[in-house]
Amino acid sequence: MVEVRAQRASKPVTVRAAAKINLHLGVGRVRDDGFHPLDTVYQAISLHDDVTVEVADEDALTVDGPSHVDVAGVPTDASNIAVRALAEVSCGSRHRVRIVKQVPVAGGMAGGSADGAAALLAHDRLHDLGQPDDVLLAQAARLGSDVPFSLVGGTARGRGRGELVEPIDDAGSWWWVVVPAAVGLSTPEVYRHFDRLRPDAPEQPAEPLDLLAALAGREPVRLARALHNDLEEPAIDLRPELGTLIERGEAAGALRGLVSGSGPTCVFLCDGRDGAMEVVAGLSEHYDVVLPAVGPVAGAHVLA
Ligand code: C5P
């Protein structure tokens, strides 16, 4: 009996997965399946969730994080995306999951997707499955549109509904300042508002050609000009205070501010680390949580 328990109690696996921002988010007219066609450029940045998974007698989930992260807003029942990921892939094993969140909740930074991707990878390593990347990516796409990118990380183009991910060579080191909102925004609600504001949206989403050229140039002023987000208008229409935040960040020295994905987190591209620290100082006069970050960083990876 003792021996069997020792065998089952394989070592917990912790996977770190990053927040994403969209440097370009082209959104087309809603498809018949309710999703919107996207042409996007994702970048993983240095805000992380750490997800620890171990074999247990009963399924269990805990979520922790610093006081500025609304962990109470994360479901701890079967609807949690890490739990859904494990339910999808585990054959009868039970798991204890611990999520330590740094990524804003319902913030437009794919924090939930990060947890889903981390759970898939942790499960693979915990049970020594060694599944090929394409299998993990297909599992990820079933969980959510941004989950495959959370596995891949770095900088990558996303098409389809965001799930078809192609890595982009990005030798730059881009400095960002991140300002989360106290209360999240629902992604479907922002997409629905996009439909109301843009009934004439083209079938094909805008391509990120300027953005790709600017990335290759590794020059932040040029990248700042090329940033683009079709969900910015609906997000600001739903939360007008985001417009004020963007103006303040740019007045504090940011090269460009924009809504991250479906918002309400706003991100500011800065002129290197020194530029980011200036913007942190300026925005901290108005906002409680102002975080510097750098990108690109790695996709989901095992820590221990
Ligand atoms: O794929 P995911 O579960 O993250 O999507 C959440 C919701 O966001 C979808 O149900 C849909 O309302 C909206 N969405 C969309 N078009 C996309 C991605 C997400 O309309 N490409």
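These figures come from a predicted structure and were not determined experimentally.

**Quick notes on the site of the ligand**
Okay, so step 1: In the vicinity of the ligand, the residues found are Gly34, Phe35, His36, Leu38, Gly144, Ser145, Arg161, Thr187, Pro188 and Tyr191.
Okay, so step 2: Between an oxygen atom of the ligand and a side-chain N or O atom of serine 145, the distance comes to 2.5 Å.
Okay, so step 3: Within the backbone of arginine 161, an N or O atom sits 3.0 Å from a nitrogen atom of the ligand.
Okay, so step 4: When isolated, the ligand has an accessible area of 450 Å², and the protein chains bury 72% of it.
Okay, so step 5: Each of domain 1 (2-169) and domain 2 (174-295) gives at least three residues to the shell around the ligand.

**Points about the confidence of the model for the protein chain**
Okay, so step 1: Residue-level pLDDT values for the protein chain average 95, and 97% of them are 70 or greater.
Okay, so step 2: Considering only residues more than four positions removed or in separate chains, one finds that residues 1-8, a stretch of pLDDT under 50, has four contacts.

**Some remarks on the pairing of strand 6 (residues 164-167)**
Regular strands place their side chains on alternate faces of the sheet.
Okay, so step 1: Judged from the four bridges that link them, strand 5 (residues 155-159) and strand 6 form a sheet pairing that is antiparallel. Bridging from a neighbouring strand, alanine 156 pairs with proline 167 of strand 6.
Okay, so step 2: Taking the residues between adjacent antiparallel strands as the criterion, strand 5 and strand 6 are bridged by four residues, where glycine 160 takes a positive phi near 70°.

**Quick look at the domain arrangement of the protein chain**
The figure often quoted for interface size is the accessible area lost as the parts come together.
Okay, so step 1: As far as domains go, the protein chain holds domain 1 (2-169) and domain 2 (174-295).
Okay, so step 2: Facing the 31 residues of domain 1 at the interface are 39 residues of domain 2.
Okay, so step 3: Roughly 2,900 Å² of surface becomes buried between domain 1 and domain 2 when both sides are summed, with 63% attributable to carbon and sulfur atoms.
Okay, so step 4: Taken together, the connections running from domain 1 to domain 2 amount to one salt bridge.
Okay, so step 5: Between arginine 29 and glutamate 203 there is a salt bridge, with its nearest N and O atoms 3.6 Å apart.
Okay, so step 6: Linking domain 1 to domain 2 there are 14 residue pairs in polar contact (both at pLDDT 80 or more).
Okay, so step 7: Sorting the residues of the side of domain 1 that touches domain 2 by element identifies strand 1 (13-27), strand 2 (38-55) and strand 5 as the ones contributing at least two each.
Okay, so step 8: Among the residues making up the side of domain 1 that touches domain 2, the classes are represented as 16 nonpolar, 11 polar and four charged.

**So, unusual backbone geometry**
Okay, so step 1: That bond from glycine 263 to proline 264 is cis: its omega, 5°, falls within 30 degrees of zero.
Okay, so step 2: Mapped onto the elements of the fold, proline 264 is located in the loop between strand 9 (256-259) and strand 10 (266-270).
Okay, so step 3: In this structure, the amide linkage connecting glycine 295 to the following residue, proline 296, adopts the cis form with an omega of 0°.
Okay, so step 4: Although it is not a glycine, alanine 106 sits at a positive phi angle of roughly 50°.
Okay, so step 5: Among the residues examined, alanine 106 registers a relative accessible area of 44% and is labelled partly exposed.

The rules behind the values
Residues numbered from 1 in each chain as written. Predicted model: local features only at pLDDT ≥ 70, side-chain atom pairs only at ≥ 80, totals over all residues. Heavy atoms only, no water. Near = heavy atom within 4 Å. Polar contact = N/O pair within 3.5 Å; in protein donor to acceptor, adjacent residues only side chain to side chain. Areas by Shrake-Rupley, 256 points an atom, 1.4 Å probe, with all protein chains shown as cover. Domains from an automatic or database assignment. pLDDT = per-residue confidence, 0-100. Contact = heavy atoms within 4.5 Å. Pairing = 2+ DSSP bridges. Helix = DSSP H or I, 4+ residues; strand = E, 2+ residues; numbered from the N terminus. Buried area = accessible area lost by both parts, 1.4 Å probe. Salt bridge = Lys/Arg side-chain N within 4 Å of Asp/Glu carboxyl O. Nonpolar A, V, L, I, M, F, W, Y, C, P; charged D, E, K, R; others polar. Buried < 20%, exposed > 50% of the residue type's maximum accessible area, 1.4 Å probe, protein only.

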